[in-house]
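# Coordinate analysis (summary)
Listed here are the chains, written in short residue letters.
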Amino acid sequence: MFEASEGLPCDVDELFSDPGRLVSAEPERVLELLDRARGSRARFVASVYRASAGVHRDLSPAQRRQVLALDAARLGDRDLAALFADADVPGEPGGQWQVDWVSGSLVDRRLVRSLTGHGGPVMAVATAVVDGKAVAVTGSRDKTLRFWDLATGRQLHEPVTGRTDPVSSTTAEVLSVATAVVDQQAVAFTLNTDGTVLVFDLATGRGTGEFIRVVESMTLDGRCVVLTVGADRTMHSWDLVTGRRLGEFAAVTDMAILDGRRVVLTTEADGALRVWDVVTHRQVGESLRVVRAVTLHGRPFALTMGEEQVPRLWDLVTGQPAGPSPTDSLDLLPECDEDLAHVFAVTVVNGRVIAVTVDTGETTLLAELTTGRRIGTLVRGREAAVMDGRPVAFTARAGRELRIWDLATSRQEADGMRVVETIVPSRQPVTFEVGMEAETHVWELITGGRDSRSHLGGTGRADSNGAAEIAVVDGQSVTLTAEDDGTVRVRATATGLPVGAPLTGHTDRVRAIATARADRYTLAVTAGLDRTVRVWDVAAGQQVGAPLTGHTGQVWDVATAVLDGRPVAVTAGADHTVRTWDLTSTHQIDQPASGHTGPVLAVATAVLEGRPVAVTVDADRAVQAWDLAGGRQAVEAITGLEGEASAMTTAAVDGRLVVVTAGPDAGIQVRSMADARQVCDPWLTHHGRVLTMATAELDGRPVAVTAGSDRTVCVWDLATGRQIGEPLSGHSGRIPAVATTVLAQRPVAVTGSWDKTVRVWDLATGHQIGEPLTGHTDWVTAVATTMVDGQPAAVTRSRDNTVRLWDLGTGRQIGSAPAGHTGAGRALTVITASGRPLAAIGQDRTVQLWDLVTGREMAAEYVLPLPVAALASTPSGALIVAFGPEVAVLSRR
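Attention now goes to the overall build of the chain. Scanning the chain from N- to C-terminus turns up ten helices and 65 strands. Within the chain, buried positions represent 57% of all 893 residues. By sequence separation, contacts in the chain at least 24 residues apart represent 46% of the contacts at least 6 residues apart.

In this approach the atoms are scanned with a rolling probe the size of a water molecule, which exposes any empty space left behind. Going through the model one piece at a time under the given rule, you end up with three cavities of 30 Å³ or more. Here the largest cavity is characterised by a volume of approximately 60 Å³. Contributing to the lining of the largest cavity are Val182, Gln185, Val187, Val199, Thr208, Gly209, Glu210, Thr395, Ala396, Arg397, Arg403 and Trp405. Within the residue set of the lining of the largest cavity, elements represented by two or more residues are strand E8 (185-192), strand E10 (207-220), strand E26 (390-397) and strand E27 (401-412). Here the lining of the largest cavity is composed, by residue class, of five nonpolar, four polar and three charged.

Spatially, four strands are ordered E3-E4-E5-E6 in an open sheet, and the strand pairing comes out antiparallel. Across the chains shown, the open sheet's two edge strands, defined by having one partner strand only, are strand E3 (122-130) and strand E6 (160-161). In terms of strand pairing, E3 meets strand E4 (residues 133-140) through eight bridges, oriented antiparallel. Directly across from Val122, in E4, lies its bridge partner Ser140.

Another aspect to go through is the packing of aromatic side chains. A complete count under the given rule lists nine aromatic pairs for this structure. Taking the centre distance of 6.4 Å and the plane angle of 45 degrees together, the rings of Phe249 and Trp276 count as tilted. Here Trp276 lies in strand E16 (residues 273-277) and Phe249 lies in strand E13 (residues 245-249), a separation of 27 residues in the sequence. A relative accessible area of 5% means that Phe249 is categorised as buried.

Another point: the sheet that holds strand E63 (residues 868-873). Remark on secondary structure: sheet strands pair via backbone hydrogen bonds, oriented parallel or antiparallel. Strand order in the open sheet formed by four strands is E1-E65-E64-E63, and the pairing between neighbours is antiparallel. Edge positions in the sheet fall to strand E1 (97-102) and E63, since each of these pairs with one other strand and no more. Each strand of the sheet is rotated relative to its neighbour by a mean of 25 degrees, with strand direction disregarded. In terms of strand pairing, E63 meets strand E64 (residues 879-883) through five bridges, oriented antiparallel. Each bridged residue has a counterpart across the sheet, and for Val868 the counterpart in E64 is Phe883.

Let us look at the packing of helix H6 (residues 61-74) against helix H7 (residues 78-85). Between H6 and H7, the least distance of the axes is 7 Å, while the angle of their chain directions is 175 degrees. In terms of axis orientation, H6 runs roughly antiparallel to H7. Facing Arg65, Leu68, Ala69, Ala72 and Ala73 of H6, the residues of H7 in contact are Leu80, Ala81, Phe84 and Ala85.

Next up on the list: helix H4 (residues 40-51). Its twelve residues give H4 an end-to-end C-alpha distance of 17 Å, which sits within 8% of 16 Å, the value for a rise of 1.5 Å per residue. In terms of burial, H4 is largely enclosed, as nine of its twelve residues are buried. Inspection of H4 places Ala42, Phe44, Val45, Ala46, Ser47, Val48, Tyr49, Arg50 and Ala51 among the buried residues, and these make up the whole buried set.

Ranked by internal contacts, the top residues of the largest apolar core, which has 51 residues, are Phe16, Phe84, Val847 and Val881. Here this core gets seven residues from one element, more than from any other, and that element is H4. In this view, Phe16 contacts Leu22, Val30, Leu33, Leu34, Ala37, Ala42, Val45 and Ala46; residues no more than four positions away in its chain are not counted. Residues Ala124, Val135, Val174 and Leu198 belong to the second largest nonpolar core, which totals 19 residues.

With that out of the way, let us pick up the pattern of salt bridges. Applying the stated criterion across every chain yields a total of 29 salt bridges. Notably, a salt bridge pairs Arg57 with Glu28, separated by 2.8 Å at the nearest N-O pair. Within this pair, whereas Arg57 is found in the loop between helix H5 (53-56) and H6, its partner Glu28 is found in helix H3 (residues 27-33), the two being separated by 29 residues in sequence. The class for Arg57 is buried, based on a relative accessible area of 8%. Between Asp58 and Arg154 there is a salt bridge; the shortest N-O distance is 3.6 Å. You can see Asp58 sitting in the loop between H5 and H6 and its partner Arg154 sitting in the loop between strand E5 (144-149) and E6, a full 96 residues away along the chain. Residue classification places Asp58 among the exposed residues on the basis of a relative accessible area of 54%. Note on Arg154: relative accessible area 34%, which makes it partly exposed. What emerges from the salt-bridge pattern is a single network uniting Glu28, Arg57, Asp58 and Arg154.

The rules we used
- Residues numbered from 1 in each chain as written.
- Predicted model: local features only at pLDDT ≥ 70, side-chain atom pairs only at ≥ 80, totals over all residues.
- Heavy atoms only, no water.
- Helix = DSSP H or I, 4+ residues; strand = E, 2+ residues; numbered from the N terminus.
- Buried < 20%, exposed > 50% of the residue type's maximum accessible area, 1.4 Å probe, protein only.
- Contact = heavy atoms within 4.5 Å.
- 1 Å grid on protein atoms, 1.4 Å probe; cavity = no way out; pocket = protein on both sides within 12 Å on 5 of 7 lines; lining within 4 Å.
- Points joined across faces, edges and corners; volume = space filled by probe spheres on them.
- Nonpolar A, V, L, I, M, F, W, Y, C, P; charged D, E, K, R; others polar.
- Pairing = 2+ DSSP bridges.
- Phe/Tyr/Trp six-rings, centres within 6.5 Å; stacked < 30°, edge-to-face > 60°.
- Axes fitted to C-alpha atoms, helices over the stretch in contact; angles between N-to-C directions.
- Parallel < 35°, antiparallel > 145°, perpendicular 65-115°, else oblique.
- Expected span 1.5 Å × (residues − 1).
- Core = buried A, V, L, I, M, F, W, Y, C linked by side-chain atoms within 4.5 Å.
- Salt bridge = Lys/Arg side-chain N within 4 Å of Asp/Glu carboxyl O.

This is a description of form; function is not addressed.
Rendered as structure tokens:
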């Protein structure tokens, strides 16, 4: 497609002027050309292609045109959206949907690329330069470490899975990531939930060692020897002159001085407890299996059987045999008070028990049990030490070679990576810094005190609880620290005195800070729990441009890099994505369109001042009303709800459109959409948690029908907040779904429950109508009502992977279709085409459309850039889709 002159800008611009070619072109080739667009129109189309490239790059051309059409509308160009929707795909039918409008509030033209692949929240990110290539390293709660090429967005190596503890079977997660250059080798460090600090070669993605804890240094046979222990409790002894390993002891639980000798205790997989001489590496004493443990007059005793099959009873208070002969000691057993089932093994040295193993795998030195005084020190050690007067850290490479890293002389390179050198081992003794918090200290030493995302606190920084970063502004070193109130303070590093005003704008805590140079500016980039990334001119103390929006979850980390000669920010979020942002255009970018800032939770339709609107509520406790004709906000948003809404619906009260929301405390609020005022005082329900809600008209009064975790349905007068009648009971499980309709000229509610049934209720009498509707074999998670041949019907969705159509007049099932997805999805609505009900089912990033009468899928599933959260139908038959923080209206052709 680009053979003849693909290096010429005019050819690239020509490509971006042809949506049909973009849809069918190989995505990797297109992504390589995005930065070469020159004309303003071509650059805009490139922004559209970038917006969801992490999603559509792996889709079919037919699905890619859907995503590109949506993103064009999100960026405000409906004409381009129509061109993408109409793009011809060889071998595929024409597009069956058109995009009427999309809210587009979180699409940002500064987005360079989204990196997708993690299966959980991304908690940490760091950047590096490997062979001249900008790379990122990310750690996630999916327990993997991943390596990315920032230019292409592709993973460089296979993901690395954290270590699994052999006892608890728990796999470690990555807490923080840092990068450095060690002896001209680019490496990444990871701080993990199991307390380990591992080292990886960025060129290969393979582990090259781990930081190990020093237990003790000593002189043995004229050699300076250091004892270290790893996270797997394996102790090694090393020659500090050669760096070679002298020996190892697996599963070490304790150390002691025994008869003037340094010994270690190990616990084997079979429960055996053994004692070893550190100098000779020979076993000391004998491990004996306990066949019975008892108490006698309140004193513990253990009966053992050695290799010679001679029984012996030991007094665990004194450590001595209970009698002068085995026969004498056994005579005591009939007088015992009770059995001690938890004592598993003992170790005997020179005819005396010195240690006991209990059946939890823990080892206890006998001296501590009997006298309260220890004869040794528990194996803890420290990861950072002092050698020749300078701080050092020890790493073990494949368990065979000891490396000592000089952390005192590490320096920052121009590309932002720290440079650390190894030093030659010496005969000087190793000491520890008194009072040092080992885990935090070694992490801050190897990262240069960059941040505190390790969750382990800080050591002497201006702010020990929040993120921190050092920058140079006008030749002066300043420290930026995050406060609990969401502000970032700038202080002179030398004096700690404030420099300018705090950086204010975040509405929640700042989790990470990074700095970069862009033109003549020193920029700070902050990532917060408010789901935004903000860029600041540190010298001016002002935010630059609008927040970088796009993450649909909290943003946990940020790093900066240089990509194709321009500074970029790389952010990691709870939405499982890593995003790269162009920092060169922050001074020119326009403010994004206003809209939701958090994921949309629910959507409903209504009429406001004679205009049809869509009403939506998001996780940031804001309610928006959208003009269905053009997608503009119809009125000011309602903000400040009491907690995140668990359910939302709309109604008309005294001629006014009201929005009804349920909070996490099972309370109900009714507000006027026009002016946000309370229609009546909020009230509490007894549901425990309101899971679903609908509205109806009863005896001329608007009412709300609520259901929840207490397995009941309640009816409320929306004008007064008073309950009407008694709760409707009958379901034996939670009720996550309710819809209302009119049956035989009487208002009814249709409910779906975890008890696998659907029930119909007469709202006037409070009685159930007929028998429960049965057929689903798992939880019923969603209900919608419609008309079929002029008769009221209900559509239900279940976790059994089916959607069913019910005639409410007869109580019979009249249609069904596979849901296409398993799980407890709740996104369901019904639209009508040619008088036939079509069920729209949303889950993950797709919407499916089924004819419930024939059981046939009407079209291939529609793919969206973000997960579908809610669906609704418009009076004209269009489909409203809430995906992430966005709202779109789609029409069938």
